[in-house]
Amino acid sequence: MIFAEVKLKNGEIVRIPFVCQRCGKCCRVLSKVVFDPIERKLYMENIDEISKYVNIDEVIEKISRDVDVKHPVKLPCPFFRDNECSIHPIRPRSCRIFPLGKDFDHGIGCPGLNRLKELISAFDVEKVEYKFVEGELPKVRVSRSVFERLLSSSPTDEEIEEFFKLNEI
């Protein structure tokens, strides 16, 4: 789970969730998949694990038909299909932690990150830390006024649901 842990000026802590907008910009623009047409191989994180989940030979065959190159080339992620990640349960770590990382949103204008920043701006903020946590995380107790402040930003049902995975009133 990706979220912003926000320390408010009154000392309270609240966690605001990052909710992916499923636009696919990161999959198309920031993919780390490299295809070598000479070796007929894909190079990427977790390729061995992914090979257990999907037939890599079929993926390579499709890429070979669609991409006319004579040298290795970086591709949009071939596992992003119909605006979804077809390997979501085993996607590489660099995908799981996006938009966090060395360059944060990497300049692609991630709408989910923009929305997260918008939600944060509803609060009187002292400090913000962006975090990625896998597994269970103890909830933070927040005041009713913090939740009402979140509601003032017209959160989606998904944003509210994710908020309550991180916080309790």
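The structure displayed is predicted, hence computed values, not measured ones.

1. A short note on the packing of aromatic side chains
For the structure on display, the rule yields three aromatic pairs. Where F147 meets F163, the ring centres are 5.8 Å apart and the plane angle is 35°; that geometry is what we call tilted. Here F147, found in helix α6 (residues 144-151), pairs with F163, found in helix α7 (residues 157-166); they are 16 residues apart in sequence, far enough to count as distant. Take F147: its relative accessible area is 9%, and that puts it in the buried class. The exposure class assigned to F163 is buried, which follows from its relative accessible area of 0%. Ring centres of F147 and F164 lie 5.1 Å apart, and the angle between their planes is 50°; on these two criteria the pair is classed as tilted. Remark: F164 occurs in helix α7 and F147 occurs in helix α6; sequence separation between them is 17 residues. Given the relative accessible area of 28%, F164 is considered partly exposed. A network of ring pairs unites the aromatic residues F147, F163 and F164 as a single cluster.

2. Section: the pattern of salt bridges
Scanning the model with the defined rule gives 15 salt bridges in all. Here E126 ties to K7 by a salt bridge, and the two come within 3.5 Å at their closest N and O atoms. Of the two residues, E126 sits in strand β8 (residues 125-132) while K7 sits in strand β1 (residues 2-8), which places them 119 residues apart along the sequence. Of the residues examined, E126 reaches a relative accessible area of 48% and is grouped as partly exposed. Of the residues examined, K7 reaches a relative accessible area of 32% and is grouped as partly exposed.

3. What to know about the pairing of strand β2 (residues 13-17)
For β2, the tally of buried residues reaches four of five residues, placing the bulk of the element in the interior. Strand direction decides the pairing type here: β1 and β2, joined by five bridges, are antiparallel. By the bridge assignment for β2, A4 is matched with I16.

4. Notes on the side chain of E5
As for its placement among the helices and strands, E5 is situated in strand β1. Separated by 3.0 Å, the side chains of E5 and K131 make a polar contact. With residues up to four places along the chain from it excluded, the contact list for E5 reads I13, V14, R15, K127, V128, E129 and K131.

Rules used throughout
- Here the residue index of a chain counts from 1 through its sequence in written order.
- Residue-level local features of this predicted model are given only where pLDDT is at least 70; pairs of side-chain atoms are given and counted only at 80 or more, and the full residue set underlies all totals for whole chains, interfaces and linings.
- Think of the side-chain values as coming from all heavy atoms in the structure, minus any hydrogens and water.
- Ring pairs are drawn from Phe, Tyr and Trp, using the six-membered ring of Trp, whenever the two centres fall within 6.5 Å, and their geometry is named by plane angle: stacked under 30 degrees, edge-to-face over 60, tilted for the rest.
- Comment: elements are numbered from the N terminus, with helices defined as DSSP H or I runs of at least four residues and strands as E runs of at least two.
- Summary of the burial criterion: residues with accessible area below 20% of their type's maximum are buried, those above 50% are exposed, and those between are partly exposed, where the area comes from a 1.4 Å probe applied to protein chains only.
- Think of a salt bridge as a Lys or Arg side-chain nitrogen and an Asp or Glu carboxyl oxygen that are within 4 Å of each other.
- If DSSP finds at least two bridges between two strands, the strands pair.
- Here a polar contact is recorded for every N or O atom pair within 3.5 Å, except that within protein the pair must consist of a potential hydrogen donor and a potential acceptor, and residues adjacent in sequence are included only if both atoms are side-chain atoms.
- Note on definitions: a residue-residue contact is assigned when non-hydrogen atoms from the two residues lie within 4.5 Å.

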